[in-house]
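Descriptive structure summary
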Amino acid sequence: MDRYAEVLLPLPLYSTFTYHVPQELAERLVIGCRVLVPFGRKKFYTAIVTMIHCNKPEGYEVKDLLAMLDDSPILRHPQLKLWDWIAEYYLCSPGDVYKAAVPSGLKVESETFVSADPDFEETSAGELTDRERIILDFASSRDRVQLAELSRATGFRNVEAIVSRMIDKGAVFVAERMVSNYRPLTETCVTLACDHGDDDALHHFFDLVGRSKKQESLLLAFLDLSHWLKKSAPVEVAKKALLERADAGQSVLKAAIDKGIFRVYKKEINRFASLGEARADLPTLSAEQSRAFHEILSSFKQHAVTLLHGVTSSGKTAVYMHLIAEALRLRKQVLYLVPEIALTTQLTKRLQCVFGNSLLIYHSKFSDNERVDIWKRLLQSSEPCVVIGVRSSVFLPFSSLGLVIVDEEHDPSYKQQDPAPRYNGRNVAMVLAQMHGAKTLLGSATPAIESHYNATTGKYGLVQLLTRFDDIELPTVEIIDTKLARKKREMNGTFTGRLLALVRQAVKDGNQAILFQNRRGYAPMVTCKQCGWVPKCENCDVSLTYHKHLRTLSCHYCGFSVTLPDLCPACKQPTIEIVGYGTERIEDDIEELFPESKILRMDLDTTRNKNSYERIIDDFSSRKADILVGTQMVTKGLDFDGVSIVGILNADTMINFPDFRSHERAFCMMEQVAGRAGRKARQGQVVIQTSQPDNPVIRFVTAHDYQGFYREELTERERFHYPPFAKIINIYLKHRDDAVLNEMAVRYSNMLRQVFAHRVLGPEAPMVARVQNLYIRQIVLKMECEASMPKVKRILRTIYENMLSVDSRMKSTILYYDVD
């Protein structure tokens, strides 16, 4: 009986597709395997088998699977189940989840390559259009170019259609090639050119090397390393190790190979096979830490999720390490989530000293090859281990997950923005743990409002650690009114005299300082003093940010950049002025003000390389620098012994953001960055520069009063029906024509109101109403907490399909959802 497979494609499609299973694959094919399938007229994709059955589809010809890419599944239970939950809850397609979850190195896909035809000659001046000539010139400059690269390089929207016309004219030809990004790491190994146990052959080999002491040493070294003379199977011997043991060169080995004594072969090895042995014991817990540790274990008996509310520098990491050790003792695996790659850098060293080879690291700065190797290691072994990583680590193939730790659980970096799936890593981690029967620990000095609400209402367990390690006091917070400072002429650029004096004293005393400004670049705006001209992005409704080091004006939304002109393009006057302060400008100014001090900067621009986080953190930790300037990256759980003063240069930009979470984010960010001060031996000091010294958020940060802030924020949320008293679904519509988009958005929102009534708000244009030449409208859907997301998804899907049937322009409108 013929068999058929339902497969999931890495495409934004809401259903699986059915393929016929060839007879030669029928016995080996299992759910979770990768298969190569044709899709469309010319494309091939790596699909995942989700079901095998004998029900032949009716009404169309079923294509065959082309090949199996694995002898065993690349997924473990319950990964497919988790993907389905993410797709249902976050209102996206399972294909979106698959594309995000599996490393691209495990996805073999066909790529279209375009090549210029060398025999092509234009027979008339008008045979090729201007756009076709641009594409021909670009394709002629290299042997072949990917269609996707051609689209990016030219900026043309309809490259496929243009290339199709050029094929008809004989100007170019295309070819499909299967592409895989994964390149396994291999090691050259050496073995004897005879069967194990063949003593006659071995005696013959010794006769052959009798006149060469170096070859004889090589043979003896091999026998020793491989345990060849033992009855058990010999150990594989790496060529490098053999040559080192025998103190021999390549020529000696080659001579022995030529005599038929040895043969060499390649062996695939995992890049993360060994990270080093454990070198330290678990840290000793204080009485307070020990109490928290035992309360967490007790809480786990009643709750699947427990919140650890511990103030900054209370020693939460030490508690985590004891919990990890307990999970490993029970032969379980642990997932330790952090919001930023920077945190993995510092934590890795602490954890590796204690857990050695049991530790794995996983984040986006790793190459495709490295991510595939970590995936394979977890797939091929069920051994207890600790995986430390960012939000994407929730997709790894765990076999026996026993504990999930979400550190800095309040952090917005856990939320994926673009592309789909727009999931929250913290929430997915809790669902993953539940599917494995594991426990989840959420940790933070400033818990998310929703998390603390769930803990105080009994849904989660709650454990508190409200004193710093060694009873060090929380830092004092001093508020400086920048309006008053300007009137008194006490400002030096963006710095108050008081802040500069404190930083100068800290450096003089041999301490360090952190200056926090949540804006990268040199300056957020450039303007002409004469006519008011402001450079804007060609593709987005935003002004360009000036980057002095590159002397460019850049858009932080689409990447568009231009060189800063010397004269104003509008009035032709040399009156261009740099306005505002980003981290790059602050670094420059601080270098002028503190010429004897070493300054470091940590933001997106200085951490693009794989090892840049580690270099900056190591240099600052080892006191190679006196002052660290940074964006929100410096607020997240980093531990620096020498920091005595922290300066928040502009609190206003965080507080005055038009978002219902802006006060929560501002409080968390300021309290967290304040927590970097005075972590060892002495009380630190924090200076907050603001033009709103009486703002309630500033008042709560000054008093380190999380509970007071929580109560006030919760009252506001309940009054205006925001989380945790509602679910928020943002619906975005995008189109290249603003008028068409406006009409579509109004019609779509009216259709939503017919079903959801008063729960629908909008449509409205967001703060940035055009990005990458797409105009944007936003509709907000406020749902009751108990609302079924699968049901909501079905209703939204039906409304969208009805909209398509009513107005065909909806096909050219991009629509997506962002939950929570």
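Quick note: structure is the one above.
A brief report on the enclosed structure follows. The shown structure was predicted, so the numbers you read here are calculated from the model rather than taken from an experiment.

Another aspect to go through is the overall build of the chain. Tallying secondary structure elements over the chain gives 26 helices and 36 strands in all. In terms of overall size, the chain behaves like a compact globule, its C-alpha atoms giving a radius of gyration of 31 Å where 820 residues would be expected to give roughly 28 Å. Oriented by its inertia axes, the alpha-carbon framework of the chain measures out at about 95 × 75 × 60 Å. In the chain, buried positions account for 52% of the 820 residues.

Here we come to helix H2 (residues 79-89). Listed as buried for H2 are Gln 79, Leu 82, Trp 83, Ile 86, Ala 87 and Tyr 89. Positive phi appears at Leu 91, one or two residues downstream of H2, with a value of about 55°.

Here we come to the side chain of His 547. Secondary-structure assignment places His 547 in strand S24 (residues 545-547). Classification of His 547 by relative accessible area gives buried; the value is 7%. Aside from chain neighbours lying at most four places away, what touches His 547 is Arg 520, Gly 521, Tyr 522, Thr 552, Ser 554, His 556, Glu 584 and Asp 605.

All right, on to empty space enclosed by the protein then. Summed over all chains, the structure comprises one cavity of 30 Å³ or more. When its volume is computed, the largest cavity comes out at roughly 30 Å³. Contributing to the lining of the largest cavity are Phe 516, Gln 517, Asn 518, Ile 648, Leu 649, Asn 650, Thr 653 and Met 654. The residue makeup of the lining of the largest cavity, split by class, is four nonpolar, four polar and no charged.

Next up on the list: the sheet that holds strand S26 (residues 561-563). Read across the open sheet, the three strands follow the order S24-S25-S26; overall the sheet is antiparallel. Two strands close off the open sheet at either side, each with one partner strand: S24 and S26. In this sheet, adjacent strand axes meet at a mean angle of 30° when their direction is disregarded. By the bridge criterion, three bridges tie strand S25 (residues 552-554) to S26 in an arrangement that is antiparallel. Within S26, the residue paired with Thr 552 across the bridge is Thr 563.

This next bit is on unusual backbone geometry. For the bond running from His 77 to Pro 78, omega is 5°, close enough to zero to count as cis. Take Pro 78: it is sitting in the loop between strand S5 (67-68) and H2. A cis amide bond links Ala 420 to the next residue, Pro 421, at an omega of 5°. Looking at the secondary structure, you find Pro 421 in the loop between strand S16 (401-407) and helix H15 (425-436). Residue Glu 408 is not a glycine yet carries a positive backbone phi of 50°.

Strand order in the open sheet formed by six strands is S19-S31-S30-S22-S29-S28, and the pairing between neighbours is parallel. Strands at the two margins of the open sheet, each flanked by one partner only, are strand S19 (476-481) and strand S28 (599-602). With direction set aside, neighbouring strand axes in the sheet form an average angle of 20°. As judged from the five bridges shared by strand S22 (residues 512-516) and strand S30 (residues 643-648), these two strands associate in the parallel manner. Within S30, the position partnered with Ala 513 by the bridge is Ile 645. Against the sheet, helix H19 (residues 583-593) contacts S22, S28 and strand S29 (627-630), and its axis sits at roughly 175° relative to S28. Its contacts with the sheet place helix H20 (residues 612-621) against S22, S28, S29 and S30, and it is angled at close to 140° to S28.

Let us now look at the pattern of salt bridges. Per the stated rule, a full pass over the model turns up 34 salt bridges. With its nearest N and O atoms 2.6 Å apart, the salt bridge here joins Glu 326 to Arg 329. Taken together, the residues Glu 326 and Arg 329, both in helix H12 (residues 316-329) and three residues apart, mark about one turn of the helix. On the basis of relative accessible area, Glu 326 is assigned to the partly exposed category, the value being 25%. The partner of Arg 717 in a salt bridge is Glu 713, with the nearest N and O atoms 3.2 Å apart.

What counts as what
- Residues numbered from 1 in each chain as written.
- Predicted model: local features only at pLDDT ≥ 70, side-chain atom pairs only at ≥ 80, totals over all residues.
- Heavy atoms only, no water.
- Helix = DSSP H or I, 4+ residues; strand = E, 2+ residues; numbered from the N terminus.
- Rg over C-alpha atoms; globule rule 2.2 N^0.38 Å.
- Buried < 20%, exposed > 50% of the residue type's maximum accessible area, 1.4 Å probe, protein only.
- Contact = heavy atoms within 4.5 Å.
- 1 Å grid on protein atoms, 1.4 Å probe; cavity = no way out; pocket = protein on both sides within 12 Å on 5 of 7 lines; lining within 4 Å.
- Points joined across faces, edges and corners; volume = space filled by probe spheres on them.
- Nonpolar A, V, L, I, M, F, W, Y, C, P; charged D, E, K, R; others polar.
- Pairing = 2+ DSSP bridges.
- Axes fitted to C-alpha atoms, helices over the stretch in contact; angles between N-to-C directions.
- Salt bridge = Lys/Arg side-chain N within 4 Å of Asp/Glu carboxyl O.

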